[in-house]
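# Overview (structure and organization)
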Amino acid sequence: MPPDRRNTFSVSIVSHGHRDFVLALLDDLARMKRQDLEVILTWNLTNEETTIDADSFPFRLISIVNPTPQGFAANHNSAFRHSSADNFVILNPDIRLPEDPFNALLSVLRTTPHAICAPLILNTKHEREDSAHFFPSPWILLKKATAKLFGTKLALQEIPCRQHLLNPDWIAGMFMVIPRSIYAVLGGLSERYFLYYEDVDFCARARLRRVDILVTKDAIAIHDARRESHRNLRFLAWHVTSAFKFFTSPAYLELGLKTLFKTRSL
């Protein structure tokens, strides 16, 4: 482990029985030989094997072992309190990093400091994942559910693009880079949500504070998706509950009013 220094990135990873994924991701991070990042690794299940040699990595590794499982927001907010870097990174354990994305992401933040950014997310077939979105609506969710019922798939949304940057309304919480000051001002992720829609809500609240949401094509990450909510009724119930919470949230209602008045003024 390198000596203490001011880090550029604090990477928060939460394991829900994902030890093999976590070890592979830590190897990806170690291969970059970066000494300007620290990793906060949260073990969220009580029966997980949590022994890792922290001194074998070129970065500082902090392990948190939860006595009881916590939600997505609570885990990353806890990691943020343990972090020290200028930028807080939310990173899913099922992400793989074939190359170092952090210089490109840092370049985006230096050019647009009042922003949240992410790399382009690809699936294991190297096709673009649906990770950059317009804000959802009940109508859009109904269309997705209908498409799934009939075994079809909606086309990826055409997100506005300027040169190498996509400018969506929100980005998926599988990989987000957030300047420390922005995370603090927004009060972190909302713990009203246990799982799902924390990222949508966070970006909505950021948008209301005129924070840019950007995806750079100059960096990529691979997502080995499990899609638990598509196969497990408990995860599906969390998904539906979280959607309802978002659609009744102050942030969503305020965004709706702003859109309505903007449309009427045209």
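Check the entry above for the structure.
Residues numbered from 1 in each chain as written. Predicted model: local features only at pLDDT ≥ 70, side-chain atom pairs only at ≥ 80, totals over all residues. Heavy atoms only, no water.

## A closer look at the pattern of salt bridges
Proximity of charged atoms lets side chains of opposite charge pair with each other. Rules: Salt bridges are defined by distance alone: a side-chain nitrogen of Lys or Arg within 4 Å of a carboxyl oxygen of Asp or Glu. What counts as a helix is a DSSP run of H or I of at least four residues, what counts as a strand is a run of E of at least two, and both are numbered from the N terminus. Burial status follows relative accessibility: with a 1.4 Å probe on protein chains alone, a residue under 20% of its type maximum counts as buried, one over 50% as exposed, and anything between as partly exposed.
For the structure on display, the rule yields six salt bridges. With its nearest N and O atoms 2.8 Å apart, the salt bridge here joins Arg-34 to Asp-100. Note that Arg-34 is positioned in the loop between helix H1 (19-31) and strand S2 (37-43) and Asp-100 in the loop between strand S5 (95-96) and helix H3 (102-111), a separation of 66 residues in sequence. On the accessibility criterion, Asp-100 (30% relative accessible area) is partly exposed. Residue Asp-201 pairs with Arg-205 through a salt bridge whose shortest N-O separation is 2.8 Å. Of the two residues, Asp-201 and Arg-205 both sit in helix H6 (residues 198-208), four residues apart, roughly one turn of that helix. Residue Asp-201 is classed as buried on the basis of its relative accessible area, which comes to 4%.

## Digging into a nonpolar patch on the surface
Short version of the rule: Patch rule: a residue counts if its relative accessible area is over 30% and it has no salt bridge; like charges are joined within 9 Å, and nonpolar side chains (Val, Leu, Ile, Met, Phe, Trp, Tyr) within 5 Å. Per-residue and other accessible areas were derived by the Shrake-Rupley procedure at a 1.4 Å probe size, with only the shown protein chains allowed to occlude residues.
There is a patch of nonpolar side chains on the surface, built from Leu-233, Leu-236 and Val-240 and spanning about 310 Å² of accessible area. Positionally, Leu-236 belongs in helix H7 (residues 233-247).

## Here we look at the nonpolar core
Which entries qualify depends on this criterion: We define the nonpolar core as a collection of buried residues of types Ala, Val, Leu, Ile, Met, Phe, Trp, Tyr and Cys that are connected through side-chain atoms lying within 4.5 Å of one another. We call two residues contacting when some pair of their heavy atoms lies within 4.5 Å.
If you look at the biggest cluster of nonpolar residues, it comprises 81 residues, and the most contacted ones within it are Ile-13, Leu-26, Leu-29, Val-39, Phe-102, Ile-116 and Phe-175. Ranked by the residues each element gives to this core, the list is headed by strand S6 (residues 115-122), at seven residues. When near neighbours in sequence (up to four residues on either side) are disregarded, Val-39 contacts Val-11, Ile-13, Leu-26, Leu-29, Phe-59, Arg-60, Leu-61 and Ile-62.

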